[in-house]
Amino acid sequence: MRPHIVVIDDDEKITSLLRRSLAFEGYEVTTAQNGQEGLHVLLGRHADLVILDVMMPQLDGWEVCRRMRTADIHSPILMLTAKDDVQDRVKGLDLGADDYLVKPFALEELMARVRALLRRRPEQADDHSQLRYEDLLLDVDAREAVRGDRRIELTAKEFDLLHLFMQNPKRVLSRDQIMERIWGYDYSGESNVLEVYVAMLRQKLEEHGGKRLIQTVRGAGYVLKGDS
């Protein structure tokens, strides 16, 4: 599978250049013209690498970086900036960036840094598209869930929510983390939407006597954990 790279930059010349150049090198490329759009892309699909401009309107690169790490998006980040300032580099790295490149940059150097960051990725098992916890199996590519020998019909949002839990077994996820990953930062709908979806997901998972896997941690959030 080709590595997926997300380029977030409000300069259309840069995004166009990087889209063509990275695609020519064999990468799958998604571009976003601002930080908000970039976050929506990242919340909806895994990226193997993010190329992130610092100076953007609305949400700058530092804020995008901070929100990514808060939402447990661990994709490597290569930050682009027009300022060769030590304090700016330190700020970006402290927020969770992995590398830093000053504009204008040589395309050959950017490509070398992209290759280096992608080499740092942990090796993924061949069956990474299938996640398992106890008797629950999630096929990510087919977007199907099976518990024991029973196939579970899930809506798109229910699947996304279960996928998030399956990616983080035995880890308590806060309400804010889940809302940011599944519904996005600008969600303005019903305030109890998470509770409603957790209840629906539990009902489907626990049909026919299945034990509870999604536990409520009072005052903290939810966790995928077999013990009641």
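Going by the structure above, here's the rest.
Procedures and definitions
- Residues numbered from 1 in each chain as written.
- Predicted model: local features only at pLDDT ≥ 70, side-chain atom pairs only at ≥ 80, totals over all residues.
- Heavy atoms only, no water.
- Axes fitted to C-alpha atoms, helices over the stretch in contact; angles between N-to-C directions.
- Helix = DSSP H or I, 4+ residues; strand = E, 2+ residues; numbered from the N terminus.
- Parallel < 35°, antiparallel > 145°, perpendicular 65-115°, else oblique.
- Left-handed = near helix turned anticlockwise from the far one by under 90°.
- Contact = heavy atoms within 4.5 Å.
- Pairing = 2+ DSSP bridges.
- Buried < 20%, exposed > 50% of the residue type's maximum accessible area, 1.4 Å probe, protein only.
- 1 Å grid on protein atoms, 1.4 Å probe; cavity = no way out; pocket = protein on both sides within 12 Å on 5 of 7 lines; lining within 4 Å.
- Points joined across faces, edges and corners; volume = space filled by probe spheres on them.
- Nonpolar A, V, L, I, M, F, W, Y, C, P; charged D, E, K, R; others polar.

**Q** I'd like a description of the packing of helix H1 (residues 12-24) against helix H5 (residues 107-119), backed by residues and values.
**A** At their nearest, the axes of H1 and H5 sit 12 Å apart, and the two run at 60° to each other. Between H1 and H5, the angle falls in the class oblique. In this structure, the crossing between H1 and H5 has a hand that is right-handed. Of the residues in H5, those in contact with Leu17, Leu18, Ser21 and Leu22 of H1 are Leu107, Leu110, Met111 and Val114.

**Q** So, the sheet that holds strand S4 (residues 77-81): which residues are in play, and what are the values?
**A** Strands sit in the order S2-S1-S3-S4-S5 across an open sheet of five strands; the sheet is parallel. Single-partner strands in this sheet number two, and they are strand S2 (28-32) and strand S5 (99-102). Averaged over all pairs of adjacent strands, the angle between strand axes in this sheet comes to 20°, irrespective of strand direction. Examined bridge by bridge, strand S1 (residues 4-8) and strand S3 (residues 49-53) share four bridges and lie parallel to one another. From the neighbouring strand, Ile5 faces S3, where its bridge partner is Leu49.

**Q** Lay out unusual backbone geometry in plain terms, naming residues and giving numbers.
**A** A cis amide bond links Lys103 to the next residue, Pro104, at an omega of -10°. Its identity as a non-glycine residue notwithstanding, Lys170 has a phi of 65°, on the positive side. Note on placement: Lys170 falls in the loop between helix H6 (156-167) and helix H7 (175-182). On the accessibility criterion, Lys170 (61% relative accessible area) is exposed.

**Q** Please give an account of empty space enclosed by the protein that cites residues and values.
**A** By the definition in use, this model includes one cavity of 30 Å³ or more. Space inside the largest cavity adds up to approximately 30 Å³. Considering the residues around the largest cavity, the lining is formed by Ala71, Asp72, Leu164, Asn168, Leu173, Gln177 and Arg181. Residues of the lining of the largest cavity, tallied by class, amount to three nonpolar, two polar and two charged.

**Q** I'd love a proper account of the pairing of strand S8 (residues 144-147), names of residues and values included.
**A** Only one face of S8 is covered, namely the face carrying Ala145 and Arg147; the face carrying Glu144 and Val146 is uncovered. Where strand S7 (residues 136-139) meets S8, four bridges bridge the pair, whose relative direction is antiparallel. Bridging from a neighbouring strand, Asp139 pairs with Glu144 of S8. Connecting S7 to the next strand, S8, in antiparallel fashion are four residues, including Arg143 with a positive phi near 55°. Where S8 lies against strand S9 (residues 150-152), three bridges are found, and the strand directions are antiparallel. Bridged to Arg147 within S9 is Arg150. Once S8 ends, the chain turns through two residues before running back antiparallel as S9, passing Gly148 with a positive phi of about 65°.

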